[in-house]
Amino acid sequence: TGSDHEIHRYAGFTLCYRESYEQPEWVAYEINREELNKVAERGDNFRADPSISTGSASLADYKGSGYDRGHLAPAADMAWSEETMSESFYMSNMSPQVPGFNRGIWKNLEEEVRNWVEAFDSVYIITGPILEKEQYPTIGENKVAVPEYYYKVLFAPTGAQGEPQMIGFILPNEKSDQSFYSYAVPVDQVEERTGLDFFHVLEDSQENLLEVEAQPEQWAQ
């Protein structure tokens, strides 16, 4: 239904909110080297998102649940203005993450993304939970689904060799001592799992070529 795929644009990112899961199925943004300059301090101003027509998840949903309010567009990627930082704390940008995941492997991958931005100047990021089941365990009165996996898809228009490169990651929502590289997958595998078509703005021939490969060595610094 239309109301279950509500697209909202903010200053720093765009997301598609799924009311039936009380979280976004994707959050997309581009970040460039200039935007790595921190202007805003982390505000921790978590709040419901008034723009979601059906109402977003609330702080109360997460309270005492044992799950972190896991940012999908990370606050640190949105520190280039007060507005973008503030909007990253809307509950529409959150998903229930196991604390050891959110503060561990997920955080490590987020930090590495900023290193890639530094290296390649500009990176496009699409990230979210994999919502492939109709029913998940839920938290709170609003029944926020607890995902089993998260994905991140990255596209650098000018990568390591000055050529475009693309990579996907599918990570289980659990504490892991593995490197996030061990969860690298071709982007078309993420498309298969999520039912989404990423980067359809690219020419198909280029897109198809990039999406079938996952070459972590191109990304290894």
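Residues numbered from 1 in each chain as written. Predicted model: local features only at pLDDT ≥ 70, side-chain atom pairs only at ≥ 80, totals over all residues. Heavy atoms only, no water.

Asks: Quick one: what's the story with the overall build of the protein chain, residue by residue and with numbers?
Replies: Helices and strands together make up the secondary structure of the protein chain, namely seven helices and eleven strands. Rg of the C-alpha trace for the protein chain: 17 Å, near the compact-globule value of 17 Å for 221 residues, within the 12% margin. Projected onto its principal axes, the C-alpha coordinates of the protein chain cover approximately 50 × 40 × 35 Å. Restricting to contacts in the protein chain with at least 6 residues of sequence separation, those with at least 24 account for 67%. Counting every atom, the protein chain has about 10200 Å² of accessible surface; 46% of that belongs to carbon and sulfur. Of the side chains in the protein chain, 16 bear a positive and 39 a negative charge, and the two mean positions are spaced by 10 Å. (Helix = DSSP H or I, 4+ residues; strand = E, 2+ residues; numbered from the N terminus. Rg over C-alpha atoms; globule rule 2.2 N^0.38 Å. Contact = heavy atoms within 4.5 Å. Areas by Shrake-Rupley, 256 points an atom, 1.4 Å probe, with all protein chains shown as cover. Lys, Arg positive; Asp, Glu negative; His and termini not counted. Charge placed at Lys NZ, Arg CZ, Asp CG, Glu CD.)

Asks: Got a sec to walk through the pairing of strand E10 (residues 165-172)? Specific residues and values, please.
Replies: Counting buried positions over the eight residues of E10 gives eight, a clear majority of the element. Pairing of strand E9 (residues 149-156) with E10 involves eight bridges; the strand directions are antiparallel. The residue of E10 that forms the bridge with Tyr150 is Leu171. Pairing between E10 and strand E11 (residues 184-185): two bridges, direction antiparallel. Residue Phe169 lies in a different strand from E11, and its bridge partner there is Ala184. (Buried < 20%, exposed > 50% of the residue type's maximum accessible area, 1.4 Å probe, protein only. Pairing = 2+ DSSP bridges.)

Asks: Can you tell me about the sheet that holds strand E2 (residues 14-18), naming the residues and giving the values?
Replies: Think of a sheet as strands paired side by side through backbone hydrogen bonds, with each pair either parallel or antiparallel. The antiparallel open sheet is built from seven strands, whose spatial order is E1-E2-E3-E6-E9-E10-E11. Single-partner strands in this sheet number two, and they are strand E1 (6-9) and E11. Here strand E3 (residues 23-32) pairs with strand E6 (residues 122-129) via six bridges, running antiparallel. Paired with Glu30 across the bridge in E6 is Tyr124. Sitting on the sheet, helix H5 (residues 187-194) is in contact with E9, E10 and E11, with an inclination near 45 degrees to E10. (Axes fitted to C-alpha atoms, helices over the stretch in contact; angles between N-to-C directions.)

Asks: How would you sum up helix H4 (residues 105-120)? Please name residues and give values.
Replies: In a regular helix each residue adds 1.5 Å, so 16 residues correspond to 22 Å; H4 covers 22 Å between its end C-alpha atoms and thus fits that length. Of the residues one or two after H4, Asp121 is the one with positive phi, at around 75 degrees. (Expected span 1.5 Å × (residues − 1).)

Asks: Go over the packing of aromatic side chains, please, and point to the residues and values.
Replies: One pass over the structure, following the stated rule, counts 15 aromatic pairs. For the ring pair Phe46 and Phe89, a centre distance of 4.9 Å and an interplane angle of 85 degrees mean the geometry is edge-to-face. With Phe46 in the loop between E3 and helix H1 (59-62) and Phe89 in the loop between helix H2 (82-87) and strand E5 (94-97), this pair connects stretches of sequence that are 43 residues apart. Of the two residues examined, Phe46 and Phe89, each falls in the buried class. Among the aromatic residues, those joined into a ring-pair cluster are Trp116, Phe120, Phe169, Phe180, Tyr181 and Trp219. Lying over the aromatic face of Tyr90, Arg47 brings its terminal NZ or CZ to 4.4 Å of the ring centre. (Phe/Tyr/Trp six-rings, centres within 6.5 Å; stacked < 30°, edge-to-face > 60°. Lys NZ or Arg CZ within 6 Å of the ring centre and 35° of its normal.)

Asks: Would you mind going over the environment of Ser53 in detail, with residue names and values included?
Replies: Take Ser53: it is sitting in the loop between E3 and H1. Using a relative accessible area of 59% as the deciding quantity, one classes Ser53 as exposed. Here Glu6 takes part through its side chain, which lies 2.4 Å from a polar atom of the side chain of Ser53. (Polar contact = N/O pair within 3.5 Å; in protein donor to acceptor, adjacent residues only side chain to side chain.)

Asks: Go over the nonpolar core, please, and point to the residues and values.
Replies: Residues Phe13, Tyr29, Trp116, Leu154, Phe169 and Leu171 are the most contacted members of the largest nonpolar core, which totals 44 residues. The set of elements that each furnish at least two residues to this core consists of E2, E3, H4, E6, E9 and E10. Here this core gets seven residues from one element, more than from any other, and that element is H4. Setting aside residues up to four positions removed in sequence, Tyr29 forms contacts with Gly12, Phe13, Ala73, Pro74, Asp77, Met78, Val123, Tyr124 and Ile125. One finds Ile130, Phe155, Ile170 and Leu196 within the second-largest nonpolar core, a separate group that totals 16 residues. (Core = buried A, V, L, I, M, F, W, Y, C linked by side-chain atoms within 4.5 Å.)

Asks: How would you sum up the side chain of Asn93? Please name residues and give values.
Replies: Counting through the fold element by element, Asn93 comes out in the loop between H2 and E5. There is a polar contact of 2.8 Å between the side chain of Asn93 and the backbone nitrogen of Ala73. From its side chain, Asn93 meets the backbone oxygen of Ser88 in a polar contact 2.9 Å long. Setting aside residues no more than four positions away along its own chain, Asn93 makes contact with Phe13, Leu15, Pro24, Val27, Gly70, His71, Leu72, Ala73 and Ser88.

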